[in-house]
Amino acid sequence: MRVPVRKQRELSGFTLVEMAIVLVIIGIILAGVMKGRDIVRSAQHKEFAQSFGNKWVTMTQTYYDKIGQHIIDGSNNAGTGIANGLIDGRSSTTTADKEAILLVLQAAGVDPCNNIKTIATGFAATSAQACQNTKDPFQYIGDTEYMGRVSIYPAWGSFTDSRVTPNRQRNYVSFVNCPIEFAKALDTLVDGEADGANGFGVYLGNSAALSTSIQTGQQDGAEATARTPAAFPTYSATVQIIEFAVILDY
Ligand SMILES: [Ca+2]
Ligand SMILES: [Ca+2]
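Residues numbered from 1 in each chain as written. Chains lettered and ligands numbered in written order. Predicted model: local features only at pLDDT ≥ 70, side-chain atom pairs only at ≥ 80, totals over all residues.

It is characteristic of soluble globular proteins that their nonpolar side chains tend to be buried jointly. With 49 residues, the main nonpolar core has Ile 71, Leu 105, Cys 178, Ala 183 and Phe 244 as its most contacted residues. Of all elements in the fold, only α2 (16–67), α3 (95–107), β3 (148–161), β4 (168–179), α5 (180–191), β5 (201–206) and β7 (241–247) reach the threshold of two or more residues within this core. When residues of this core are assigned to their parent elements, the largest contribution, seven residues, is made by α2. When sequence neighbours within four positions are dropped, the list of residues in contact with Ala 183 reads Phe 175, Cys 178, Tyr 203, Phe 232, Ile 242 and Phe 244. (Core = buried A, V, L, I, M, F, W, Y, C linked by C-beta atoms within 7 Å. Buried ≥ 20, exposed ≤ 12 C-beta atoms within 10 Å, placed from the backbone. Helix = DSSP H or I, 4+ residues; strand = E, 2+ residues; numbered from the N terminus. Contact = placed C-beta atoms within 7 Å.)

Written out as structure tokens, the structure is:
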């Protein structure tokens, strides 16, 4: 007995052409989702560079412009050594550190509370003028693809630059706990090259593992430790966050 044509179609399910069309549509949707994620990530990296990283670089430079000395260089500038043109080394890790840095910046008319738009809270200054709503301009909370949330904070120091002969001593502001992609965005903003090894933006060191307390910036009070800028490392299980420095003087 002959099966009617309509019945044949129902029995055969999807044709090869129909399957191909479905696969193409799924591919287009997936490509769109991936592209969307790339755009969101890229926007997050740029947001860090523009709203936090570069703001701290600019505030550090403005302080020098107004005072004639670097912040964290000598006790008058929230440093722990002498004001000799070399930053003494300090990280914004404790309330006391933040307060000391905040006080001298505010006295110079450079207020991080006004300059940094931040979502991090919990910084309650006592001796210095507290930022409104106890927001913490020293902390940037960033969402990363592989690590989840990270907290990036600024540190200051000086290092002996082995890239030039004779070796020169540089002052820098650095960003500790910084995911490599965030550092690349800031490097691109400050010198146009996301390489880590050249220009004003340089890579100084990495963490051994995400869970360790990693870099704390240059040791308090230390000046011009020899450090060698290098090309950015690639992400691995042990290298995920780095210290990225922006050189303040040439
Ligand atoms: Ca000094
Ligand atoms: Ca660079």
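So, next bit.
Two elements in contact, α2 and α5, have axes separated by 9 Å at closest approach and are oriented at 60 degrees. Comparing their axes, α5 and α2 come out oblique. Between α2 and α5 lies a crossing of right-handed hand. In this structure, α2 uses His 45, Lys 46, Phe 48, Ala 49, Gln 50, Gly 53, Asn 54 and Val 57 to contact α5, whose residues at the interface are Glu 181, Phe 182, Ala 185, Leu 186, Leu 189 and Val 190. Residue composition of the contact of α2 with α5, grouped by class: eight nonpolar, four polar and two charged. (Axes fitted to C-alpha atoms, helices over the stretch in contact; angles between N-to-C directions. Parallel < 35°, antiparallel > 145°, perpendicular 65-115°, else oblique. Left-handed = near helix turned anticlockwise from the far one by under 90°. Nonpolar A, V, L, I, M, F, W, Y, C, P; charged D, E, K, R; others polar.)

On to α5, then. Between its first and last C-alpha, α5 extends 16 Å over 12 residues, near the 16 Å set by a 1.5 Å rise per residue. For α5, the set of buried residues is Ile 180, Phe 182, Ala 183, Lys 184, Ala 185, Leu 186 and Asp 187. Gly 192 occupies a position one or two residues after α5 and carries a positive phi of about 80 degrees. (Expected span 1.5 Å × (residues − 1).)

This part takes up α3. If you check α3, its first and last C-alpha atoms are 18 Å apart, about what 13 residues at 1.5 Å a residue would give, namely 18 Å. Of the positions making up α3, those classed as buried are Lys 98, Ala 100, Ile 101, Leu 102, Val 104 and Leu 105. Looking at the buried side of α3, the elements it contacts are α2 and α4 (112–115). Taken from the residues just after α3, Gly 109 is the one with a positive phi, measuring 80 degrees.

This part takes up the environment of Phe 159. Locating Phe 159 in the fold gives a position in strand β3. Residue Phe 159 is classed as buried on the basis of its 28 C-beta neighbours within 10 Å. A sequence separation of 68 residues divides Phe 159 from Arg 227, and the C-alpha atoms of the two residues are 5.8 Å apart.

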